[in-house]
Amino acid sequence: IMATLSPDPLPREPGELLKLGLSLIERAYDERARGLEAETARLRAFSAESEGRVTALQQRVSELEAQLRSGAAENASLVSERASLAAEKSSLAAENRSLQERLDKAGQFKRAIMSIAATNGVADEEPPPPNGASHSGGGGVGTGCRGGGVGTG
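None of the values given here were measured: they were computed from a predicted structure.

So, how was this worked out
Residues numbered from 1 in each chain as written. Predicted model: local features only at pLDDT ≥ 70, side-chain atom pairs only at ≥ 80, totals over all residues. Heavy atoms only, no water. Helix = DSSP H or I, 4+ residues; strand = E, 2+ residues; numbered from the N terminus. Buried < 20%, exposed > 50% of the residue type's maximum accessible area, 1.4 Å probe, protein only. Areas by Shrake-Rupley, 256 points an atom, 1.4 Å probe, with all protein chains shown as cover. pLDDT = per-residue confidence, 0-100. Contact = heavy atoms within 4.5 Å. Salt bridge = Lys/Arg side-chain N within 4 Å of Asp/Glu carboxyl O. Patch = residues over 30% accessible without salt bridge, like charges linked within 9 Å, V, L, I, M, F, W, Y side chains within 5 Å.

1. Regarding the overall build of the protein
From N to C terminus, the protein includes 1 helix and 0 strands. Classification of the 153 residues of the protein by burial places 1% in the buried group. Total accessible area on the protein is roughly 13,500 Å²; 59% of this is exposed by carbon and sulfur atoms.

2. Some remarks on the confidence of the model for the protein
Of the residues in the protein, 74% have a pLDDT of 70 or more, and the chain-wide mean is 83. Contacts for the low-pLDDT stretch residues 137-153, under 50 throughout, to residues beyond four places or in other chains number 8 contacts.

3. Observations regarding the pattern of salt bridges
The full count for this structure, using the stated rule, is 4 salt bridges. The closest approach of N and O atoms between Arg 34 and Glu 31, which form a salt bridge, is 3.0 Å. Of this pair, Arg 34 and Glu 31 are both found in helix α1 (residues 14-124), 3 residues apart, which corresponds to roughly one turn of the helix.

4. Here's the deal with a nonpolar patch on the surface
On the surface, Phe 109, Ile 113 and Ile 116 cluster together into a nonpolar patch covering about 310 Å² of accessible area. Positionally, Phe 109 belongs in helix α1. Accessibility expressed as a relative area gives 57% for Phe 109, which makes it exposed.

Following this line, the structure appears as structure tokens:
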């Protein structure tokens with residue numbers, strides 16, 4: 001600005017002063033317009049960069065939502081499987097209790113039979129022969145020998 005001005009800081013004629021004032025206003029306006037254009041360009045670049053980030057974030061949100069849906073479906077499947085396994089466990093536990101009861105009853109029955117057999121075994125033993133006669137065993141009833149004599153097994 002100063003380079004285009006004459007060595008005298010201000011012209012003396014009013015028309016020249018108006019020209020100088022208009023020239024200064026035009027230059028100031030041009031300078032301001034260039035600054036605003038540069039700022040607009042920076043803001044547009046920032047906006048484009050932000051839009052790119054927003055698009056990338058929206059894509060990531062979509063991916064995460066898909067993973068969430070998949071995880072929720074898998075979770076529902078696992079919950080269903082867990083309920084099924086719990087029902088199966090309960091059924092197997094009831095069957096186990098039933099079988100244990102049957103086994104206990106079978107054990108009681110076996111002990112009763114063994115007790116009866118032991119009682120009968122003692123009762124079925126041959127009483128001592130009368131008058132001191134000795135018994136020569138032939139493998140009969142109550143002797144504890146099965147199937148007869150020696151070598152018949």
